[in-house]
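Structural overview
These are the residues of each chain, in order.
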Amino acid sequence: MLREHARIVQFIAIAGEARGRKKLQKMIYIAQKMDFPFAEKYELHMYGPYSEELTLRVEELCEMGFLSESCVDKGSYVQYSYNVTEEGGHFLETADAPHEKLADCIDMLNGRSSRFLELVSTLLYFDYLPKDEQIAKVHIVKNKLNFTDDEMDDAFEFIAKLQTSSGVA
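So, a few notes on the structure that sits alongside this text. Small disclaimer: the values here were computed from a predicted structure and weren't measured. Every residue gets a number counted from 1 within its own chain, in the order that chain's sequence is written. In keeping with the model being predicted, local features are shown solely for residues with a pLDDT of at least 70 and side-chain atom pairs are shown and tallied solely at 80 or more, while totals for entire chains, interfaces and linings include all residues. With hydrogens and water excluded, all non-hydrogen atoms of the structure serve as input to the side-chain values.

**Structural notes on the pattern of salt bridges**
The condition that has to hold: Salt bridges are defined by distance alone: a side-chain nitrogen of Lys or Arg within 4 Å of a carboxyl oxygen of Asp or Glu. Helical segments are the DSSP runs of H or I of at least four residues, strand segments are the runs of E of at least two, and each set is numbered from the N terminus. Here's how the labels work: a residue is buried when its accessible area is under 20% of the maximum for its type, exposed when over 50%, partly exposed in between, all with a 1.4 Å probe on protein chains only.
Scanning all chains against the criterion turns up eleven salt bridges. Residue Arg 115 pairs with Glu 151 through a salt bridge whose shortest N-O separation is 3.0 Å. Here Arg 115 is found in helix 6 (residues 114-125), whereas its partner Glu 151 is found in helix 8 (residues 149-166), with 36 residues between them in sequence. Taking the relative accessible area as the measure of exposure, Arg 115 reaches 31% and is therefore partly exposed. Glu 151 sits in the partly exposed class, given a relative accessible area of 24%. One salt bridge in this structure joins Glu 118 and Lys 142, with 2.7 Å as the shortest N-O distance. With a gap of 24 residues between them, Glu 118 in helix 6 and Lys 142 in the loop between helix 7 (131-141) and helix 8 connect regions that are remote in the sequence. In this pair, the class of Glu 118 matches that of Lys 142, namely buried. Linked through salt bridges whose partners overlap, the residues forming this network are Lys 22, Glu 118 and Lys 142.

**Comments concerning the sheet that holds strand 1 (residues 18-19)**
Using the following cut-off: Strand pairing requires that DSSP identify at least two bridges connecting the strands. Contacts are assigned to residue pairs that have any heavy atoms within 4.5 Å of one another. Each axis is a line fitted through C-alpha atoms, taken for helices only over the stretch in contact, and angles between the N-to-C directions span 0 to 180 degrees.
Here three strands make up an open sheet; going across it, the order is 1-5-4 and the pairing antiparallel. Each edge of the open sheet carries a strand with a single partner, namely strand 1 and strand 4 (67-73). Across two bridges, the pairing between strand 1 and strand 5 (residues 78-84) is antiparallel. Among the inter-strand pairings, Ala 18 is bridged to a residue of strand 5, identified as Tyr 82. Sheet contacts for helix 1 (residues 3-15): strand 1, strand 4 and strand 5; angle to strand 5, the most-contacted strand, approximately 100 degrees. This element, helix 2 (residues 21-33), spans strand 1, strand 4 and strand 5 of the sheet and lies at about 55 degrees to strand 5.

**What about the layout of surface pockets?**
Test applied: Only protein atoms enter the calculation, which uses a 1 Å grid: trapped sets of points that fit a 1.4 Å probe without letting it out are cavities, open sets showing protein on both sides within 12 Å along at least five of seven lines are pockets, and any residue with an atom within 4 Å of a point is a lining residue. Grid points are joined across faces, edges and corners, and a volume is the space filled by probe spheres set on the points. Amino acids are sorted into nonpolar (Ala, Val, Leu, Ile, Met, Phe, Trp, Tyr, Cys and Pro), charged (Asp, Glu, Lys and Arg) and polar (every other residue, Gly among them).
In this model, the largest pocket occupies a volume close to 330 Å³. The wall of the largest pocket is formed by 15 residues, among which Arg 21, Lys 22, Gln 25, Tyr 50 and Thr 55 lie closest to the centre. Going through the elements one at a time, helix 2, strand 3 (48-50) and helix 3 (52-64) are the ones with two or more residues in the lining of the largest pocket. Ranked by residues supplied to the lining of the largest pocket, first place goes to helix 2 with five residues. Here the residues of the lining of the largest pocket sort into six nonpolar, four polar and five charged. What the second largest pocket holds in volume is close to 270 Å³. Taken together, 16 residues line the second largest pocket, and the ones lying closest to its centre are Arg 3, Arg 7, Gln 10, Ala 95 and Asp 96. No other element matches the four residues that helix 1 contributes to the lining of the second largest pocket. Along the lines of polarity and charge, the residues of the lining of the second largest pocket split into ten nonpolar, three polar and three charged.

**A look at the environment of Met 46**
Looking at the secondary structure, you find Met 46 in the loop between strand 2 (43-45) and strand 3. Residue classification places Met 46 among the exposed residues on the basis of a relative accessible area of 58%. Contacts of Met 46, omitting those with residues within four sequence positions, involve Glu 118 and Lys 142.

Here you go:
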């Protein structure tokens, strides 16, 4: 019954910490696009793909005591961080083992900025289109971020590395 909740706790446990709500949204979405078993439904939103389901699950996990939430005032915004609690660790003992390549994927994602993951996740949202049309869509829906050609190239290279390391391709 709580399998999807357990996957989120497991993801955060492997990451060590989820720093930033937006970044967590993008990391889970990208992992899902790499065929890791995350079931949250996503829609295109202001900061790229967004899942209300994931937001609700994280809130529920905090209420159940499996995750702790902290926030730090960064001046112009507040950054939320999530960690697995001791109770969350016990909860994970009942979960299925994670996919053997999930930790590598999470490490690759965690090492990137929220802005970059927003670009990658938005490109993946339009992955049914040819590359040039994906780029055009991103320039339309993310025009205020002014992504450069170098950033686009870096994002496509990153996606290819993720696909290779996760077994998708």
